[in-house]
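Each chain is listed here by its residues.
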Amino acid sequence: MSAGADGRSDEVRLDSGTRELLRERVAEVMAKHRVTAGPYAYTKPSPRVYEQQWLWDSCFHAIIHLDLGDAEQARREIKAALSRQVASGPDAGMVPHMNYFDGGGEPLWGTPDRSGITQPPMLAFAVREIARRTSDLGFVRGVFEPLRRYYSWLAARRDPDGDGLVSIIHPWESGWDNSQRWDELAGFGDDEERNKAIRSEMCARLKGVGFDSAAALVSGWFDVEPVDFNCIYAENLAALAWCARELGFDESAEVLDQKATHVREAIRDKMRDPATGLYFDIATVEGEERPIERPIRVETPAMFFPLFAGIPWPEEASALVSKLASPRSFWPQYPIPTVSMEDPRFAPDRYWRGTTWVNINWFVMQGLLRYGFRDVAEDLACRTADLVLRNGLWEYYDPHTGRGLGAKDLSWSGLVLDMVRLAET
Ligand code: GLC
């Protein structure tokens, strides 16, 4: 794709032709990946590499199913994701990041049918989307209580310092498994095999404490409040408040809205670097007398998630968007690389270390639209559509060449269809 005079794509148009072409490709992949497991049904992320159900993937899949006109499959995706919610014990309410419907989870997790950690909490957002697009409140009513328990679990068990921001206990929980954001804390570097081994060791350590959130967080192993995870959390609390209001639970709605506001304020107060206006994750590490918090100063598109959650003032948003749209840092031919191209560790072909991911583009596009940056949002949608039309639905892409990398036919890359829909709204 070449850039037009104004720097925008001049080959792919956000029109019905593009939408139809994408729709065909996405529908084919989603149909191929459909799995039925007893009373449940879900979509696997990709054959062979990712056969199980993953939590945030399924939330994205629900949205893609809605775009394809299959609301029933969207609902089934969510029901399956909730089916292994932890029922008892200190972490009751947790929704696992992986469900194993045919068993096999035992070696890694000590439980055959699910993992012991979670993932970015997108469930309420997906449920609100189902409700909005189908006017089906019966479904919301059926899942409201499990959802409420999940978000209460996050607040009760993952916010030990009570600042409103929630912590993750393993890089897998961020969804950005191998990001440079975790290099210093986890010890990741250029050696992929070593990084993988580290992630397994970290998991084994957590297994040793039964994936107990409190034990993990006092251990000092890995305690990070990520910007994007917390923005997703805030936005999902607001989505859950919307669901509560629709169901007539006005008091719950009020409390949930207040919580969402509190999380947004905490993100702004604690994560925003006043000198640059950029937002950084916070790590809790051992201090001389007590644990101390410090920002993880790695520039990645997680910095733009506050736009998705409506956090910056409008004038602050412009500074963030200038950073995003800069060809030196985040705007190559196929944005958005998962680390700034100015970071010496930027790697255009490596897992979460500089490659472009469609789900990240989808979040950032919504932030851009929320703040009225329609041109940038449309350009992002055009370039993402071009990327997928030329190369197919890959797990991630080289941001310079667009070459598809990782798992082939990765389901969530179908979110490109939702980006085209968003551009039209
Ligand atoms: C990889 C990604 C994770 C995703 C999973 C399934 O592990 O890092 O975010 O959920 O694949 O697609």
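Everything below is about the structure printed above this text.
Residues numbered from 1 in each chain as written. Predicted model: local features only at pLDDT ≥ 70, side-chain atom pairs only at ≥ 80, totals over all residues. Heavy atoms only, no water.

Chemist: How should I be thinking about the site of the ligand in this particular structure?
Modeler: Around the ligand sit Pro45, Tyr50, Trp54, Trp56, Asp57, Gln119, Gly175, Asp177, Tyr351, Trp352 and Trp412, and those are all the residues in its vicinity. In the model, an oxygen atom of the ligand is placed 2.7 Å from a nitrogen or oxygen of the glycine 175 main chain. One of the side-chain N or O atoms of tyrosine 351 is found 3.1 Å from an oxygen atom in the ligand. A total of 310 Å² of accessible area belongs to the ligand in isolation, and the protein chains cover 96% of it. In terms of residue class, the shell around the ligand is made up of seven nonpolar, two polar and two charged. (Near = heavy atom within 4 Å. Polar contact = N/O pair within 3.5 Å; in protein donor to acceptor, adjacent residues only side chain to side chain. Areas by Shrake-Rupley, 256 points an atom, 1.4 Å probe, with all protein chains shown as cover. Nonpolar A, V, L, I, M, F, W, Y, C, P; charged D, E, K, R; others polar.)

Chemist: Please explain unusual backbone geometry as it appears in this structure.
Modeler: Most peptide bonds adopt trans geometry, and most residues besides glycine take a negative phi value. Of the consecutive residues proline 335 and isoleucine 336, the connecting peptide bond is found in the cis state with omega at 10°. For tryptophan 352, which is not glycine, the phi torsion reads 60° and is therefore positive. By the secondary structure assignment, tryptophan 352 is in the loop between α14 (314–324) and α15 (358–370). The backbone of aspartate 409 sits at a positive phi, close to 55°, despite the residue not being glycine. Residue placement: aspartate 409 occurs in the loop between β9 (404–405) and α17 (415–424). Its relative accessible area of 15% is what places aspartate 409 among the buried residues. (Helix = DSSP H or I, 4+ residues; strand = E, 2+ residues; numbered from the N terminus. Buried < 20%, exposed > 50% of the residue type's maximum accessible area, 1.4 Å probe, protein only.)

Chemist: What is the right way to look at the environment of proline 160 in this model?
Modeler: Relative to the elements of secondary structure, proline 160 occurs in the loop between α6 (137–157) and α7 (171–174). Overall, proline 160 belongs to the exposed group, its relative accessible area being 55%. The spacing of proline 160 and serine 213 is 53 residues in sequence and 9.5 Å in space, taken between C-alpha atoms. Non-local contacts of proline 160, meaning those with residues more than four positions away in its chain, are made with Ser167 and Leu217. (Contact = heavy atoms within 4.5 Å.)

Chemist: I would appreciate a short explanation of the nonpolar core in the present structure.
Modeler: Nonpolar side chains in soluble globular proteins tend to end up buried together. Counting residues in hydrophobic clusters, the biggest one holds 143 residues, and the most contacted among them are Leu123, Tyr151 and Trp362. Core analysis: the next-biggest nonpolar cluster, separate from the first, contains five residues, Val35, Ala37, Tyr42 and Phe101 among them. (Core = buried A, V, L, I, M, F, W, Y, C linked by side-chain atoms within 4.5 Å.)

Chemist: Please clarify how empty space enclosed by the protein should be interpreted in this entry.
Modeler: To locate leftover empty space, one rolls a probe as large as a water molecule over the atoms. Evaluation of the coordinates by the stated rule reveals two cavities of 30 Å³ or more. Surrounding the largest cavity, Ile169, Met202, Arg205, Leu206, Ala216, Ser219, Trp221 and Phe222 form its lining. Of all the secondary structure elements, the ones that give two or more residues to the lining of the largest cavity are α9 (192–208) and α10 (213–219). Here the residues of the lining of the largest cavity sort into six nonpolar, one polar and one charged. Within this model, the second largest cavity holds a volume of roughly 30 Å³. In terms of lining, the second largest cavity is formed by Arg181, Val227, Tyr279, Phe280, Asp281, Ile296, Val298, Thr300, Ala302 and Met303. Looking at the lining of the second largest cavity, its residues break down into seven nonpolar, one polar and two charged. (1 Å grid on protein atoms, 1.4 Å probe; cavity = no way out; pocket = protein on both sides within 12 Å on 5 of 7 lines; lining within 4 Å. Points joined across faces, edges and corners; volume = space filled by probe spheres on them.)

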